[in-house]
Structure formats: structure tokens, C-alpha cells
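# Inside the fold
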Amino acid sequence: MENQLAKSTEERTFQYQDSLPSLPVPSLEESLKKYLESVKPFANQEEYKKTEEVVQKFQSGIGEKLHQKLLERAKGKRNWLEEWWLNVAYLDVRIPSQLNVNFAGPAAHFEHYWPPKEGTQLERGSIILWHNLNYWQLLRKEKLPVHKVGNTPLDMNQFRMLFSTCKVPGITRDSIMNYFRTESEGRSPNHIVVLCRGRAFVFDVIHEGCLVTPPELLRQLTYIHKKCHSEPDGPGIAALTSEERTRWAKAREYLIGLDPENLALLEKIQSSLLVYSMEDSSPHVTPEDYSEIIAAILIGDPTVRWGDKSYNLISFSNGVFGCNCDHAPFDAMIMVNISYYVDEKIFQNEGRWKGSEKVRDIPLPEELIFTVDEKILNDINQAKAQYLREASDLQIAAYAFTSFGKKLTKNKMLHPDTFIQLALQLAYYRLHGHPGCCYETAMTRYFYHGRTETVRSCTVEAVRWCQSMQDPSVSIWGFIAGFDRHLLGLLLIAKEEGLPVPELFTDPLFSKSGGGGNFVLSTSLVGYLRVQGVVVPMVHNGYGFFYHIRDDRFVVACSAWKSCPETDAERLVQLTFCAFHDMIQLMNSTHL
């Protein structure tokens, strides 16, 4: 065992990147077979027959030609999907991304040593920042353990995007700027940006070759906090990042045109390790009710978070924390990893700093003062107004179900993720009277630069079970995985070749079953740790539904739009909890 441990510490975080297998292109026949199976819950006999004909025609005609072109593309790329996915899912999207694309979640420290308490924001902030900076140093030194399934290493590339990464708006397409370098690759930025009351400050976290300590960080945060609370608010340039993408791109160009120094300031923010946000509010949170804190992190003050930043670490007046992250550079599991690391460190140290209280003579934070004019100030006000208008339409319901958790479902020989997905299907069916097309995130990190794939959990078997509420052990493993990205690739090949959109993609059952990003249930298992998150729904008449699983509880966070009369996040969560009870009772009665 000791030898194994010694060996594992020698592994470098990114050492397997070059040896990972390329992302494969699935078989066309297999993908279309899975697709046909997935549309069944949403079709009558006649509709299904028509779609079946469309699929057969596609398979023997244009589909085969497109598939061959996709195979050709895959020969020249280690990941044929990577660039396409980044553009289609994130960078080409023009709607405001801070609200509609970013993911967010609370830090779990409030469950143990850091319950909400006024007057703790700065001291706790210095400690949480320090643990984050230690994680950054692990990445720089490539000492973060390689993620593996068994002995198989997973792709670690997304961890390069966690720090010193920022999306930059473009008129038709955004871009991602990544300034992070490992120690062996060279210099990496070592400053953070702090946003407070519409103002921005910057300071280095390395002084004389050493990481600044929590007492030193506390001095910097206290300086900024006092200054902002005794002087007028700043213009709130950060609010522009919450705008529609093309409008923000034009405002940014104008801002740079006003004064070239503005570009240098923007680049300071873009290249910073992270953005640390100081909020004035004190959202309510308990280990059973996360609703208010999650709403505050996802849709809080737009002048104190940089919506394009890969990592906004957010602090509240009552000493509660969370993160808000641009989704383009990485998926939520990367943030889950650092959040768990920091939470464990805070737990192990009983929420305190146990080192030296000495504070070196380090330079005070420098304020980033932008040159602005009436037009920019109007743009900021317009951005804030549209953001707050849209944000006020979002309903968040986030609660812990504490009657039982993973331990009981596993005793009943049922995987807890399957249990939750089936309960959600039952809850949706009871609330809406029909099945809901459902997306669950699956990861493809076995492959070079792999990110995600879709699991479609609304199957014919799941619907039949919802209709009859029969024995839950029957046919509930039939989730359908792994064809949505393939179909996307075929569609994009057609577009690149200037061909008409194939009928497969215009057939009504394509979008009705969730294709083209039309899933009414957008779900993700956040994991088995004390970490929770949330996103907005994928469609206006849908739900975002993130959850995590523990031995004694299930925690869920559900979002919906208030302006949609059919959806109700509170009701869906309560019905899901009822379904948990009903399913266990049924399993007990069937002696499973």
C-alpha cells in the first residue's frame, strides 16, 4: 500500500493527456436505433411510423454520406466534437449567458463550522480564499491527483480552465482566453480581482515568492471593504457582462475606444486567478433549505460578479459563500472537485486559521478605475435593468429530503441515481399529466478533451411504470445514452457542406423528444459529496433539476420560470419527495 501511495504522488496532473484515446464516432445504425427508441414515449402510432420512415430514409441516404464525412473529420482530430460543441453550446449563443448559461452553487461550510453569522464575512473570506489558492498551487505544480475510474485515467484538461480563464464577448461569436500555465510551462498570473459595491480592486497573492496567508488576505479584504463602505459606489462595469452577448461586445469595444487603458484593466480582470465578490446581502440558509442562498448566488447583484469569468467566488455579509461560473470552459464536476477540497480543509481545521498571525508589509490593493462616459453609464443601467427583470422571473426551490438516502435505496438493490430519476419522472407525470423528455448529464472524460453526453431517462418503460406505479424493480434500467452528440455532428456536417437541413432534424418528434436542446427536464447528478448546484431550465416551459446524494439524504435544487403558467419548481420538488416515499413503500410491500 505504501508503495502504491508513493507511486501515485509521483503522477503529474496532466501527464496522461497525450496518451488518452481519441473520441470515437458511434455507429450510425446504433445511434439511430437509440434515437427511435427515445422518441417512443412522445409519439402515437401514426407519428412513430412517420418518424421511423424518416429515420430509415436518412440512414440509407444523406445520413450515411454525412456519417462518412464525420468519420473523415474524426481522422484528423483527437476530439471531433470539441470545437463544434464549444461554439454551438456556448460561444455562438447570443442570449445573456450569466443568467442563462452559468452554473452556481453554495459552499457547504454552513453545514458545519460556518453557520450564517454577521460580522464573519471578511475573516472567513480570507480563509476560504487561502484554501482556494492552495488548490491553485497544486494545479500549478501538477500535484492534483489524476482522476481515474479503476486504473483508467480520465481527461484532466478542464482543470486548466478553472483559474485565470475568461470568456470575451464577440459580435457573432465569443472566445475564451486562458492564461493559466503550470510551473513547468512558465509564468502564470498570480493576482485576484475583488468586486465590491460597483468597484474593482486587484492584488497579488504571491509576495516575495510565498503565498499570502489568511491574516494577510484579511488585511487586503478589510482595506477594500472599508473603502467601499465609506465612499460612493463605483459605476458597476461588471454589470455589462450580464448583457446580451452582441450588445456587451459592442459596449466593450466602445469602452476600449474611450481610453486604451480600459483594455489593460479588462485584461487584468480576464487574466486574474478568480474574481472574489463581496455581496451586502445575507441570504437565509439551513441544511434543509437552500432556496434563498442558491437564488442569491445565481441571480445576485450583477455589479459584483464578472459573468464571463470561469470562477466567481462569492461572499455574503453573513459569512456564507458560493460560486458562479461561466459554463463554456468547463463542466460542473470541476467546480465540485475544488469545492469539496476547500470544504474538507475548512472542516479539518474547524473553520479556523491555525498558522502565524504575522502580516508582512505587502502592497495594498490597487483600484481598477475605468474611464467612462454617459453612454457607458447608460449601457450599465440598461444591463442591470434587463438582468434584474429576467432574474426576478426565476423560481428556485432547493431542499434536502432527509427521511432516507443512498443507504436505504442500496439496501433495496436500487441505484440511488436511478431511484431519483424515476421519482422525478413520476413527479413530472403527476404534475403535468404526460411524460417529460429528460436530459441527464453523462461524462466522456475517458477520451481526449471529453466533456459530456446525454442520457435520456424518459423511456417507454419509465412511462409505463409512471402510468401504473407497478413494481419499481421492473425495467427501470432502460435509460438511453450516447447518441445526441453524434446527431449534432451529422447536422453540423450538413451545415458546413451547405446542404439542406435533413428531415430527421425538422421532424416534430425530434424536438418533442428533447432534440436540439429542447429537454423539459434538464438534470444532473452533482455527486455524492456535500456540494450542490443549479442551472436555469433549458427551455421556457421546463425545469433545471440538480441533485446530490448522501447516505442519509437527497438534496435537490429545481429552477423554473415564473412567467410560464404550466411550471412550478416548488410543486415539482414536493411531488418528487412524495414519489420517494411512495416508491419505498411500494418496494417494502413487494418485499424487495
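Being a predicted model, the structure only gives us computed values, none of them experimental.

### A few points about the overall build of the protein chain
When helices and strands are tallied, the protein chain shows 20 helices and 20 strands. Over its C-alpha trace the protein chain gives a radius of gyration of 25 Å, about what one expects of a compact globule, namely 25 Å for 592 residues. Principal-axis analysis of the C-alpha atoms gives the protein chain an extent of 75 × 60 × 60 Å. Within the protein chain, the fraction of its 592 residues that count as buried is 58%. In the protein chain, the proportion of contacts linking residues at least 24 apart, taken out of those at least 6 apart, comes to 76%. Surface exposure of the protein chain reaches about 24,100 Å², of which carbon and sulfur atoms provide 52%. If the 63 positive side-chain charges of the protein chain are averaged to one point and the 72 negative ones to another, these points end up 3 Å apart.

### Looking at the sheet that holds strand β18 (residues 521–527)
The seven strands lie next to each other as β14-β20-β19-β18-β15-β16-β17, forming an open sheet whose pairing is mixed. Every other strand in the sheet has two partners, leaving β14 (394–401) and β17 (480–481) as the edge strands with one partner each. Here strand β15 (residues 438–443) runs beside β18; their pairing, made up of three bridges, is parallel. The residue of β18 that forms the bridge with Glu 440 is Thr 523. Packed on one face of the sheet, helix α15 (residues 416–432) meets β15, β18, β19 (543–549) and β20 (554–561) and runs near 150° to β19.

### A few points about the sheet that holds strand β13 (residues 366–367)
Read across the sheet, seven strands follow the order β1-β12-β11-β10-β6-β7-β13 without closing on themselves; strand pairing throughout is mixed. Looking along the sheet, the strands with just one partner apiece sit at the ends: β1 (103–106) and β13. Strand direction decides the pairing type here: strand β11 (residues 312–315) and strand β12 (residues 321–325), joined by four bridges, are antiparallel. Looking at the pairing, Asn 312 lines up with Asn 324 of β12. Packed onto the sheet, helix α8 (residues 214–230) meets β6 (191–196), β7 (199–204), β10 (275–278) and β13 and runs at close to 160° relative to β7.

### A few points about the UniProt feature "domain: Choline/carnitine acyltransferase" (unreviewed entry) in the protein chain
As recorded in UniProt, the sites labelled "domain: Choline/carnitine acyltransferase" (unreviewed entry) are residues 23–475 and 482–574. When the span residues 482–574 is considered, its composition is 30% helix and 24% strand, and the gap between its end C-alpha atoms is 31 Å.

### Description of the domain arrangement of the protein chain
As assigned here, the protein chain comprises domain 1 (28–85 + 396–590) and domain 2 (106–141 + 161–393). Of note, the centres of domain 1 and domain 2, computed from C-alpha atoms alone, are 33 Å apart. Contact residues are listed per partner, giving 26 residues for domain 1 and 27 residues for domain 2. When domain 1 packs against domain 2, the two sides together hide about 2,200 Å² of surface, and 56% of this comes from carbon and sulfur. Summed over the shared surface of domain 1 and domain 2, the number is five salt bridges. Two residues, Arg 451 and Asp 331, come together in a salt bridge whose shortest N-O distance is 2.9 Å. Where domain 1 meets domain 2, there are 15 residue pairs in polar contact (both at pLDDT 80 or more).

### So, the side chain of His 486
Here His 486 shows up in helix α17 (residues 484–496). On the basis of relative accessibility, which here comes to 1%, the residue His 486 falls in the buried class. There is a polar contact of 3.2 Å between the side chain of His 486 and the side chain of His 67. Excluding residues that lie within four positions of it along the chain, His 486 makes contacts with Val 25, Pro 26, Ser 27, Leu 28, Ser 31, His 67, Leu 70, Trp 80 and Glu 453.

### Considerations on the UniProt feature "active site" (unreviewed entry) in the protein chain
Residues given the UniProt feature "active site" (unreviewed entry) here are His 327. Filtering out sequence-adjacent residues up to four positions away, His 327 remains in contact with Tyr 90, Val 101, Asn 102, Phe 103 and Arg 451. A distance of 3.3 Å separates a polar atom in the side chain of His 327 from a polar atom in the side chain of Tyr 90.

### Considerations on the pairing of strand β5 (residues 175–178)
As paired elements, strand β4 (residues 165–168) and β5 share four bridges and run antiparallel to each other. Looking at the pairing, Val 168 lines up with Ser 175 of β5. From the end of β4 to the start of β5, which pair antiparallel, there are six residues.

### What about the pattern of salt bridges?
All chains considered together, the criterion is met by 35 salt bridges. Across the salt bridge formed by Glu 350 and Arg 352, the nearest N and O atoms sit 3.1 Å from each other. Look at Arg 352 and you get partly exposed, because its relative accessible area is 48%. Residues Lys 406 and Asp 551 are paired through a salt bridge, measuring 3.5 Å at the closest nitrogen-oxygen approach. Of this pair, Lys 406 sits in helix α14 (residues 406–411) while Asp 551 sits in the loop between β19 and β20, and the two are 145 residues apart along the sequence.

### Quick word on helix α11 (residues 291–298)
With respect to burial, α11 is a largely interior element, seven of its eight residues being buried. Summarising the contacts, the buried residues of α11 are in contact with β1, β11, β12, α13 (374–391), β14 and β20.

Rules used in this analysis
Residues numbered from 1 in each chain as written. Predicted model: local features only at pLDDT ≥ 70, side-chain atom pairs only at ≥ 80, totals over all residues. Heavy atoms only, no water. Helix = DSSP H or I, 4+ residues; strand = E, 2+ residues; numbered from the N terminus. Rg over C-alpha atoms; globule rule 2.2 N^0.38 Å. Buried < 20%, exposed > 50% of the residue type's maximum accessible area, 1.4 Å probe, protein only. Contact = heavy atoms within 4.5 Å. Areas by Shrake-Rupley, 256 points an atom, 1.4 Å probe, with all protein chains shown as cover. Lys, Arg positive; Asp, Glu negative; His and termini not counted. Charge placed at Lys NZ, Arg CZ, Asp CG, Glu CD. Pairing = 2+ DSSP bridges. Axes fitted to C-alpha atoms, helices over the stretch in contact; angles between N-to-C directions. UniProt positions renumbered as here; feature names shortened; annotations may be inferred. Domains from an automatic or database assignment. Buried area = accessible area lost by both parts, 1.4 Å probe. Salt bridge = Lys/Arg side-chain N within 4 Å of Asp/Glu carboxyl O. Polar contact = N/O pair within 3.5 Å; in protein donor to acceptor, adjacent residues only side chain to side chain.

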